[in-house]
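# Examining the three-dimensional arrangement
So you can see what is in the structure, the chains are spelled out below.
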Amino acid sequence: MEIKVLSFPAESPPLAVIVAAKLSVFALPTDTSLPPDSAPTLLFSNGVKLHGTYVLLRYIGRVATLPNFYGRTHMNLARWFSLNFLNTRLLYVLFHNIWFRSVLLMFCSQIEEWLEYAPAFSSGSAFENACKHLDDFLQSRTFLVGYSLSIADVAIWSGLAGTGQRWESLRKTKKYQNLVRWFNSILAEYTDALNEVTAIYVGKRGLGKPTAAKSKEQQGANNQSKSSFEVDLPDAEYFSQRYQGQLIVRFDDTNPAKESNEFVENLLKDIETLGIKYNAVTYTSDYFPQLMEMAENLICQGKAYVDDTPREQMQKERMDGIESRCRNNSVEENIKLWKEMIAGSERGLQCCLRGKLDMQDPNKSLRDPVYYRSNPVAHHRIGSKYKIYPTYDFACPFVDAIEGITHALRSSEYHDRNAQYHRIQEDLGVRKVHIYEFSRLNMVYTLLSKRKLLWFVENGKVDGWDDARFPTVQGIIRRGLKVEALIQFILEQGASKNLNLMEWDKLWTINKKIIDPVCPRHTAVIEERRVLLTLTNGPEEPFTRIIPRHKKYEGAGEKCTTFTKRIWIEHADAESISVDEEITLMDWGNAIVKGIEKGQDGIITQLTGVLHLEGSVKTTKLKLTWLPETSELVNLTLVEFDYLITKKKLEEGEDFIDVVNPCTKRETAALGDSNMRNLQRGEILQLERKGYFRCDASFVRPSKPIVLYAIPDGRDRPV
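Keep in mind it's a predicted model, so treat the numbers as computed, not measured.

Below, the discussion takes up the overall build of the protein. Scanning the protein from N- to C-terminus turns up 23 helices and 33 strands. Relative to its full complement of 719 residues, the protein shows a buried share of 49%. A sequence separation of at least 24 residues applies to 67% of the contacts in the protein between residues at least 6 apart. In the form shown here, the protein has an accessible surface area of approximately 35200 Å², with 50% of it arising from carbon and sulfur atoms.

Inspection of every chain in the model, using the stated rule, returns 1 cavity of 30 Å³ or more. Lining the largest cavity we find 17 residues, and of these Thr446, Arg469, Arg479, Trp504 and Tyr643 sit closest to its centre. Of all elements in the fold, only helix 20 (473-479) and helix 22 (504-515) reach the threshold of two or more residues within the lining of the largest cavity. Looking at side-chain class alone, the lining of the largest cavity contains 13 nonpolar, 1 polar and 3 charged residues.

With that settled, consider the sheet that holds strand 27 (residues 623-624). An order of 27-24-25-26-20-23-28 is seen for the 7 strands of this open sheet, with the pairing classed as mixed. Of all strands in the sheet, those with a lone pairing partner are strand 27 and strand 28 (627-628), marking the two edges. Of the pairings in the sheet, the one linking strand 25 (residues 589-598) to strand 26 (residues 604-611) comprises 7 bridges and is antiparallel in character. From the neighbouring strand, Glu597 faces strand 26, where its bridge partner is Gln606.

Take the environment of Gln313 next. Looking at the secondary structure, you find Gln313 in helix 15 (residues 311-320). Each C-alpha atom of the pair Gln313 and Ser324 lies 9.5 Å from the other, and the pair is 11 residues apart in sequence.

Relative to strand 3 (residues 41-44), strand 1 (residues 3-7) runs antiparallel, the two being bridged by 4 bridges. For Val5, the partnering residue across the bridge sits in strand 3 and is Leu43. Across 3 bridges, strand 3 lies against strand 4 (residues 49-51) in antiparallel orientation. Looking at the pairing, Thr41 lines up with His51 of strand 4. Between the end of strand 3 and the start of strand 4, which pair antiparallel, lie 4 residues, with Gly47 showing a positive phi angle near 95 degrees.

Turning to the nonpolar core, a few remarks are in order. Counting 59 residues, the largest nonpolar core has Leu57, Leu144, Leu160, Trp167, Leu179 and Trp182 as the members making the most contacts within it. Not counting the four nearest positions on each side in its chain, Trp182 is found in contact with Leu138, Thr142, Phe143, Leu144, Asp153, Ile156, Trp157 and Leu160. Grouped together as the second largest cluster of nonpolar side chains are 32 residues, Val249, Val264, Tyr445 and Leu486 included.

Non-glycine residue Arg529 carries a positive phi angle of around 60 degrees. Within the element layout of this structure, Arg529 appears in the loop between strand 19 (524-526) and strand 20 (531-535). The residue Asp580 is not glycine, and still its phi comes out positive at about 70 degrees. By the secondary structure assignment, Asp580 is in the loop between helix 23 (571-575) and strand 24 (582-585).

The strand order across the open sheet built from 4 strands is 10-11-12-13, with neighbouring strands paired in antiparallel fashion. Of all strands in the sheet, those bounded by a partner on one side alone are strand 10 (304-307) and strand 13 (388-390). Taking the axes of each pair of neighbouring strands and ignoring which way they run, one obtains an average angle of 20 degrees across the sheet. Where strand 12 (residues 370-374) lies against strand 13, 3 bridges are found, and the strand directions are antiparallel. Opposite Tyr372, over in strand 13, you have Pro390 as the bridge partner.

Now for the pairing of strand 9 (residues 280-283). By the bridge criterion, 4 bridges tie strand 8 (residues 246-251) to strand 9 in an arrangement that is parallel. Its bridge partner being in strand 9, Phe251 is matched across the sheet by Tyr283. For the handedness criterion, the β-α-β arrangement of strand 8, helix 13 (residues 261-273) and strand 9 is classed as right-handed.

With that settled, the discussion passes to the environment of Lys594. In this structure, Lys594 sits in strand 25. Spatially, the C-alpha atom of Lys594 lies 7.7 Å from that of Leu607, the residues being 13 residues apart in sequence.

For the structure on display, the rule yields 23 aromatic pairs. Here the aromatic rings of Phe251 and Tyr283 are separated by 5.5 Å at their centres, their planes lie at 20 degrees, and the arrangement is stacked. One end of the pair, Phe251, is in strand 8; the other, Tyr283, is in strand 9, with 32 residues separating them in the sequence. For Phe251, a relative accessible area of 11% puts it in the buried group. According to the relative accessible area criterion, Tyr283 is buried, its value standing at 15%. Centroid distance Phe288 to Tyr389: 5.8 Å. Interplanar angle 65 degrees. Geometry classified as edge-to-face. Of this pair, Phe288 sits in helix 14 (residues 288-300) while Tyr389 sits in strand 13, placing them 101 residues apart in sequence. Phe288 sits in the buried class, given a relative accessible area of 2%.

This next bit is on helix 13. The end-to-end C-alpha distance of helix 13 is 18 Å, a good match for the 18 Å that 13 residues give at a rise of 1.5 Å each. Taken from the residues just after helix 13, Gly275 is the one with a positive phi, measuring 75 degrees.

So, how was this worked out
Residues numbered from 1 in each chain as written. Predicted model: local features only at pLDDT ≥ 70, side-chain atom pairs only at ≥ 80, totals over all residues. Heavy atoms only, no water. Helix = DSSP H or I, 4+ residues; strand = E, 2+ residues; numbered from the N terminus. Buried < 20%, exposed > 50% of the residue type's maximum accessible area, 1.4 Å probe, protein only. Contact = heavy atoms within 4.5 Å. Areas by Shrake-Rupley, 256 points an atom, 1.4 Å probe, with all protein chains shown as cover. 1 Å grid on protein atoms, 1.4 Å probe; cavity = no way out; pocket = protein on both sides within 12 Å on 5 of 7 lines; lining within 4 Å. Points joined across faces, edges and corners; volume = space filled by probe spheres on them. Nonpolar A, V, L, I, M, F, W, Y, C, P; charged D, E, K, R; others polar. Pairing = 2+ DSSP bridges. Core = buried A, V, L, I, M, F, W, Y, C linked by side-chain atoms within 4.5 Å. Axes fitted to C-alpha atoms, helices over the stretch in contact; angles between N-to-C directions. Right-handed = clockwise from strand over helix to strand, strands pointing away. Phe/Tyr/Trp six-rings, centres within 6.5 Å; stacked < 30°, edge-to-face > 60°. Expected span 1.5 Å × (residues − 1).

Here it is, written out as structure tokens:
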């Protein structure tokens, strides 16, 4: 009975089944015509069908020739014993021995357990928990079950690989070292087979429609490919990995007035934070000598000229398609003025170098664009060596070509300049580079311009480039965003060419799904007007109890809670309580409030009550957080942020300074439970009934508060 065909929906290939067949050297014809949500199916030559990913995986495991893959070894073992101990009592003893049968059952049961666990990787919220569980499990193991590869390894490996960029990004970090070691060892052992399958069935967003396999000639050509990026660096990384190329990070530092070492250092730090690995960092300024030589060649060929037309007049002439009076100057005159520009003379400072393209072209970017400008400002890398600098439009096509870039990733705002880009490459006589366009990701109430963000830094509106209000990678990570959430958000958007204005809510909602299942829980009470509740039948002496920091996740650890006769609750909670009302004190039990005392101003100052621990928490309306009245409590500063501007989107020509938000940061003093002394900077936690926070400054001494940054959860706008 032979396998006739494996059928499955094109959008959801059963990667584990395909991988197992590939490793077992099975010829497995495929049909991708099944409707969406259909279970994968194996059709045999006699008409029999099997359905379901793990049913098919078990079948392939049983018939595969790989040792210990799934049950075959045990059948072979039985056969060996029967041949060697036939007609002896030993055969009976061995195969009816409880221990031996238990070992066989345990081996298969362990594989079954991992097959049931594998779908966890397809759930966004469970992904991180699954990775951590596996990382812990693989600490002293090479394989999931036994001492060789099994279908358990195939199922889990395929589950990880099938998430695409999400796993690839985590794989480059040091977060799950045991899991990465295990994943890489399997990939190294079966490199050709696994790379072939994933290249066809796994894209940036994970599993998807199959793509045509490439020939060896195509793969060889792709090995030479390189990508450079303009804005969306993760896309560049994806392309360079998918086609076995290189990723180059280049700083187009052509305008010395707008560049600095600070920009470079922070951008590289952002890239490092994202876990992105690049092959090289280059600077356009490294190519200034070659660019000057190419510019002079263009002058000599009559393809460029020096122009001293005032800037405003030049702009108007370009708009109207009027040729400059300098356009037909002789080569000798142009070279003379070019030398003046290089020298930075008074005459040279009045000039610029323009390409001689087509002043009547409907695409105005081709109307004799500026190639070089005079600028006596010192460059942050090379000092005052040059008095002229190439424009980005002139430098980029040349540097892309000579650096071997195959795909230049450019945001769609440059679309009208694509013709200019290729025309300059043609005039320079360099190789043509393919342009891949995508739209910039714009967020509401957010400025992404480096120049505008610099204004906030220089005017003291923020604390620096890593300020939690900034849309830099360092900024949003400091705010409490997980890199995994950012990557998932970007992958869900895809490389669209449509202009998008996205809400922040979706990103923070993804982030919440990642942090909520694992972050520890703690308690805080706002310090202002906090109210003391005295429990008349409470413990005369304080006692402690060890409870989980997260009731559903053991990995969060434990905390010590102190129970006292007098406890603190928040003023807002006290105001919502009535006399003789039964309330629930979280992590303790019920209590009945017997008395409410108020000051002359009508503000509640104290409550009295009795514990009613036999009461049902299901019958109470108020479930309140509380803190014991002890000296062990820690001081907290809870920090909430708002957007830097008050308008969702700036209109063209609108000055952002007119819509700067005057109040973007609010601090609230609070008290926290004593366990928070152990918080580390960067740790994420949930304050019960308050939300999620990231520790920005950990405990140093009692007089210095722990600083916690509020993390948006996607339900409300920040602050």
